[in-house]
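Listed below, chain by chain, are the residues.
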Amino acid sequence: SIVARGMSLGHTLIPPAADRTHETRTRILQQITAMLGGRAAEKIVFDEMTSGASNDIEQATRLARAMVVDFGMSDLGPVNLGPQYDIDEMGKAQWYEPAQVSQAMQEKIDKEIGKIIDAAYKEAVEIVKGQRKILDKIVEGLLVKETLDRDDFEKIVGKKNGS
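So, a few notes on the structure that sits alongside this text. Numbering of residues starts from 1 in every chain and runs along the sequence as written. Where local features are concerned, this predicted model is filtered to residues with pLDDT of at least 70; where side-chain atom pairs are given and counted, the filter is 80 or more; whole-chain, interface and lining totals use all residues. Based on all heavy atoms of the structure, the side-chain values leave hydrogens and waters out of the count.

So, the nonpolar core
Okay, step 1: In terms of nonpolar packing, the biggest core is built from 22 residues, with Ile-32, Leu-36 and Ile-117 touching the most fellow members.
Okay, step 2: Within the residue set of this core, elements represented by two or more residues are α1 (25-35), α2 (37-46), α3 (54-69) and α4 (103-130).
Okay, step 3: Between two residues, a contact is recorded if the distance between any of their heavy atoms is within 4.5 Å. For Ile-32, the contacting residues outside a window of four places in its chain are Ala-60, Leu-63, Ala-64, Met-67, Ile-116, Ile-117 and Ala-120. Here, nonpolar core refers to any group of buried Ala, Val, Leu, Ile, Met, Phe, Trp, Tyr and Cys residues whose side-chain atoms link them within 4.5 Å. Burial here depends on accessible area, computed with a 1.4 Å probe over protein chains only, as a share of the maximum for the residue type. Under 20% is buried, over 50% is exposed, and the range in between is partly exposed. In this text, helices come from DSSP runs of H or I with a minimum length of four residues, and strands from runs of E with a minimum of two, each type numbered from the N-terminal end.

Structure below.
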């Protein structure tokens, strides 16, 4: 949608494929890449950046951080570097200890997060470049209708394989 909502000048909703309790590394990386698509489009279409992608960047960074710190999905290995907690009988998180990592380890964590974000952004740029004609058709559709539902979107880009 290109209808403003709060501080957002538009909104993209990526619905879950199904009720999922676990995510694969591949799917999380795809989500991060999609989140960085708006910034990539700004670069390709306007050769400029705006603050409009800030929430997407925040969410992509949060997810990349979770990959590294919580899920053990980085070159640092299968280790949880975040705070340790458990859920009590009332469903409330009970913290055992705050995350305590050395400055050197924090630098490694930051580097891993940066690698994930950088690779996803580069992929997003390549996707936008490769799909520029379709992107322009989506823009035309949004300028006419302001909000595209799944059916409208699929009329422009085609149905996703397997759906």
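What follows continues from the structure just given.
A few points about the packing of helix α5 (residues 132-145) against helix α6 (residues 150-157)
Between two packed helices, what matters for the description is the angle formed by their axes and the separation of those axes.
Okay, step 1: Orientation is described by lines fitted to C-alpha atoms, with helices fitted over the stretch in contact, and by angles between N-to-C directions that extend from 0 to 180 degrees. Contact pair α5 / α6: the axes reach a minimum separation of 9 Å and the direction vectors enclose 145 degrees. In this structure, α5 crosses over α6, and the sense of that crossing is right-handed. Across from Ile-134, Lys-137, Ile-138 and Lys-145 in α5, the residues of α6 making contact are Asp-152, Phe-153, Ile-156 and Val-157.
Okay, step 2: Note on residue classes: Ala, Val, Leu, Ile, Met, Phe, Trp, Tyr, Cys and Pro are nonpolar, Asp, Glu, Lys and Arg are charged, and everything else, Gly too, is polar. Grouping the amino acids of the contact of α5 with α6 by side-chain chemistry returns five nonpolar, no polar and three charged. The handedness criterion is simple: a crossing whose near helix is rotated anticlockwise from the far helix by less than a right angle is left-handed, and one whose near helix is rotated clockwise is right-handed.

A short note on the environment of Lys-115
Okay, step 1: Summarising the element assignment, Lys-115 is placed in helix α4.
Okay, step 2: On the basis of relative accessibility, which here comes to 39%, the residue Lys-115 falls in the partly exposed class.
Okay, step 3: In this structure the C-alpha to C-alpha distance between Lys-115 and Ala-64, which are 51 residues apart in sequence, comes to 9.3 Å.

Observations concerning α5
Okay, step 1: With 14 residues, α5 should reach 20 Å at 1.5 Å per residue; the first-to-last C-alpha distance of 20 Å fits that figure.
Okay, step 2: Turning to α5, its buried residues number three or more, namely Ile-138, Gly-141 and Leu-142. In a view along the axis of α5, the buried residues occupy a sector of 100 degrees, so they form one face of it. The exposed residues of α5 that point more than 90 degrees off its buried face are Lys-133, Glu-140, Leu-143 and Val-144.
Okay, step 3: Lining the buried residues of α5 we find α6. For a helix, the expected span equals 1.5 Å multiplied by the residue count minus one. Relevant arc is that of directions from the helix axis to the C-beta atoms, nothing else.

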